Amino acid sequence: MAVKQTAGRDALGEFASKFAELNDDVLFGQVWSREDKLSLRDRSIVTVVALMAQGLTDSSFQYHLQSAKNNGVTKAEIAEILTHAAFYAGWPKAWAAFRMAKEVWAEDDVADDAKAAHESRMVFPIGAPNDAFAKYFIGQSYLAPVSTAQVGIYNVTFEPGCRNNWHIHHAQSGGGQILICVAGRGFYQEAGKPAQALHPGDVVNIPVGVKHWHGAAPDSWFSHLAVEVPGTETANEWLEAVNDAEYAKATTEEV
Ligand code: MN
């Protein structure tokens, strides 16, 4: 797909129409658009390093840093890219580039800080992105195994607004789940009942066969230990997502 660019015509269309055309239609419309040859993310990295190497830390550099971020370059990656390039392009040029990159990735600081602050308020780690179960969640969740022997215990962390789908814990005998809230603010809801607000120290006993969901409040990170109660023929049945309307209703009618 062609990258749409109008900066050339916007800035120089009257003054230098050919330059504007080459900028918008050839450089961006053709070269940048060859995504089957090199991704936009990789092209952004090449461009940022090339501009930095010339000491061109002007508004076009800022534009390309923002594009790099939009194309998926993370804060940690841009820091690594500029550090690496500093040895080849020059230390003062890296300094100048870092000043601008810090502004572009500033919003990420806020999100990272909120996550770090949440983690600092509990003794268990947040752990890794919960990729294996992501399809049963709305929003980003994280999983840290606390115990994988005898009784399975996992610290589950939900970003603000994140919740798991409606689900049922099944077992022939025993089974079910216990939630022990460790940090932040969240919710637990059984089908047909009002949602229950959860705070650190709260414990929820979830019997087998009960349809329910659990997750974070809209404006707070939340972590609970999930204890797998031992039983025979235990299985989780994942059902439909808790849609935005259901979630909004549940989290505003807290009891
Ligand atoms: Mn559950």
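As shown above, the structure is provided for reference.
Attention here is on the structure that accompanies the text. Per chain, the residues get numbers from 1 upward, laid out in the order the sequence is written. The predicted nature of this model means local features are confined to residues of pLDDT at least 70 and side-chain atom pairs, given and counted, to a pLDDT of 80 or more, with totals for whole chains, interfaces and linings taken over all residues. Side-chain measures were taken over the full set of non-hydrogen atoms in the model, leaving aside hydrogen atoms and water.

Thoughts on the overall build of the protein
Helix and strand counts for the protein stand at 8 helices and 15 strands. C-alpha atoms define the radius of gyration, and 2.2 Å times the number of residues to the power 0.38 defines the globule rule. Against the globule reference of 18 Å for 255 residues, the protein gives a C-alpha radius of gyration of 25 Å, more extended than a compact globule. With respect to the principal axes defined by its C-alpha atoms, the protein has extents near 75 × 35 × 35 Å. Exposure classes here rest on a 1.4 Å probe applied to the protein chains alone. A residue is buried below 20% of its type maximum, exposed above 50%, and partly exposed in between. Here the protein holds 255 residues, and the buried ones make up 35% of them. Strands are runs of DSSP state E lasting at least 2 residues, helices are runs of H or I lasting at least 4, and numbering of each runs from the N terminus.

Some thoughts on the coordination of the manganese ion
The donor definition counts N, O and S atoms within 2.8 Å of each metal and applies 3.2 Å to Na, K and Ca; water is not among these atoms, so some sites may look incomplete. Only His 167 (NE2), His 169 (NE2), Gln 177 (OE1), His 212 (NE2) and His 214 (NE2) from the protein coordinate the manganese ion, and they sit 2.1 to 2.3 Å from it. Overall, His 169 belongs to the buried group, its relative accessible area being 5%. For His 212, a relative accessible area of 0% puts it in the buried group.

Quick look at the pairing of strand 13 (residues 222-228)
Within strand 13, 6 of the 7 residues are buried, which leaves the element mostly enclosed by the surrounding structure. In this scheme, strands are said to pair when DSSP sees at least two bridges between them. Across 7 bridges, the pairing between strand 8 (residues 177-184) and strand 13 is antiparallel. Each bridged residue has a counterpart across the sheet, and for Gly 184 the counterpart in strand 13 is Phe 222.

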